[in-house]
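# Coordinate inspection notes
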Amino acid sequence: MKTTRIADGLGWPEGPALLPDGRVIFVETYRSQVSVWARGREVEPYAVVGGGPNAVILGGDGALYVTQNGGVVGPWRAADQRPPSIQRVSPAGKVEILADRIDGRALRAPNDLAFGPDGSLYFTDPGGPYDPVNRPDGGSIYRLGPDGSGELLVELPPVYPNGIAVEADGSVVWVESYTKAVKRWTTDGKVTLLCTLPEKSVPDGFKIAANGDLYITGVTAAGLDIIRRDGSYAGFLPVGVIPTNCAFAGRSLYVTDGGHQGLSTGADMAGHLWLVEPAAAEGAPLFPGRITTPAQGV
C-alpha cells in the first residue's frame, strides 16, 4: 500500500467525490468553492458557491449537491456569507439553493451529506461552528426527499454530528465529533450506539467499504479508524495531518486533509489531497439520487 500526497495549498478541503470521468471533486471551504483535481493537472475551480461549502456529492442527474454551512470553519468567517442550506450545482455550473428549511426548521450549519437507496438526501447539521469547549449548539439529522419534501429524523444534544453515510438497508450512520460516538438510525426509528472511537480520534467524514467497514477520518489522529459494521474495531490507517473526509475509487482511497486544526480566524491554505492505493477494501456502491424540487438561484 502506498500513500501519496497529490495536491497542496488547499483551503480546508472536505467531502471528496468522484466524477464519471475519474476526476476528483471536493470543497475548499476557505475559498468558498468546489474544486477539481485530475491526474497530470493542477487543482482548478469547478464552481464558486460562496459562504462555507462543507461537503459535495454527485447526484444521479449529473448535478453536484453541496452542504453550505453559511461560511464558518471554527472561528473563521467567510467574507461572502450565504444562507445555511443544501445547494445544487448544475452540470452547466448554475448554483441554486434546494432547501434552507426542513420541516419548518431553519438549517443552521449543514455539514455532510449522502444519498440513500430510497433516493433521499440525508445530511447532518451540527447547529453551528465547531466549538468543543463551550458546545453551545444542538444538532440534527435530516432527510430531504426526491420531491423536495423533508423531515427531521433525529434531534440531538450538543454532540456535533459530522460525517454521514447510508447503508444498503436504508440505515443511516453518523459520527459525533464531541463525543467520538458512531451511531446508527434504523428505519424503525431506533438509534443505537455502534462504538466510541479511541480518545485520540475526533471523527470527521467517512465512507463505507464494500465489506461494510466504516473508514472514519480522525482530525486529531492523523489517519482513519476502520470500524466493522457491528461496531468492533478493525484497525487504523495513517494518512495525512488533519484528515477531514475520504472517497473510494475502486481499490483507491482519496483523503482530504485540512493541514492544520482550523481553530484560527485566518484562512490558512495549508490543506492537502492524498491518494492511498491499493486500499485494503473497495468502496461500497454509492446510491444515485436527485432532488426535483424547484430551486432558488443564488
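Shown above is the structure to which this text applies.
Criteria and cut-off values
- All residue numbers refer to position in the chain's written sequence, counted from 1.
- Reporting in this predicted model follows two pLDDT cut-offs: at least 70 for local features of residues, and 80 or more for side-chain atom pairs to be given and counted; totals over whole chains, interfaces and linings ignore these cut-offs and use all residues.
- Just so you know, side-chain values use all the structure's heavy atoms and leave hydrogens and water out.
- Only DSSP runs of H or I with at least four residues qualify as helices, and only runs of E with at least two residues qualify as strands; both kinds are numbered from the N terminus onward.
- C-alpha atoms define the radius of gyration in this analysis, and the globule rule sets the expected value at 2.2 Å times the number of residues to the power 0.38.
- When a residue's accessible area, from a 1.4 Å probe over protein chains only, is under 20% of the maximum for its type it is buried; when over 50% it is exposed; and in between it is partly exposed.
- The contact criterion used throughout is that any non-hydrogen atoms of two residues lie within 4.5 Å.
- Areas reported here follow the Shrake-Rupley algorithm with a probe of radius 1.4 Å; residue values treat only the protein chains shown as occluding.
- Grouping buried Ala, Val, Leu, Ile, Met, Phe, Trp, Tyr and Cys residues that are joined through side-chain atoms within 4.5 Å yields what is termed a nonpolar core.
- Only when DSSP finds a minimum of two bridges between them are two strands counted as paired.

## Describing the overall build of the protein chain
- Each helix and strand in the protein chain was counted, giving zero helices and 29 strands.
- Here the C-alpha atoms of the protein chain give a radius of gyration of 17 Å, agreeing with the 19 Å that 2.2 N^0.38 yields for 298 residues.
- In terms of its C-alpha atoms, the protein chain occupies a principal-axis envelope of roughly 45 × 45 × 40 Å.
- Counting every position in the protein chain, which comprises 298 residues, the buried fraction comes to 58%.
- Of the contacts formed within the protein chain by residues at least 6 apart in sequence, a portion of 49% connects residues at least 24 apart.
- On the protein chain, roughly 11,300 Å² of surface is accessible, and the fraction owed to carbon and sulfur atoms is 51%.

## A closer look at the nonpolar core
- Counting residues in hydrophobic clusters, the biggest one holds 16 residues, and the most contacted among them are Tyr-65, Ile-102, Leu-113, Leu-121, Phe-123, Leu-144 and Ile-291.
- Listed by contribution, the elements that provide at least two residues to this core are strand S6 (53–58), strand S11 (95–99), strand S14 (113–115), strand S15 (121–125) and strand S16 (139–144).
- Those residues in contact with Leu-121 that lie beyond four places of it in its chain are Ile-57, Tyr-65, Ile-86, Leu-113, Ala-114, Phe-115, Tyr-142, Arg-143, Leu-144 and Ile-291.
- Ranked by size, the runner-up nonpolar core spans 14 residues in total, among them Val-239, Val-255, Trp-274 and Val-276.

## Some details on the pairing of strand S24 (residues 223–227)
- Here S24 lies mainly inside the structure; five of its five residues are buried.
- Examined bridge by bridge, strand S23 (residues 214–218) and S24 share five bridges and lie antiparallel to one another. Counterpart to Gly-218 in the pairing with S24 is Gly-223.
- As consecutive antiparallel partners, S23 and S24 are separated by four residues, and within that stretch Ala-222 has a phi angle of approximately 55 degrees, a positive value.
- Bridging between S24 and strand S25 (residues 233–238) involves five bridges; their strand directions are antiparallel. Bridge assignment links Ile-227 to a residue of S25, and that residue is Tyr-233.
- Hairpin connection from S24 to S25: five residues lie between these consecutive antiparallel strands, with Gly-231 at a positive phi of about 95 degrees.

Honestly, that's just the spatial picture; any functional story needs more than this.
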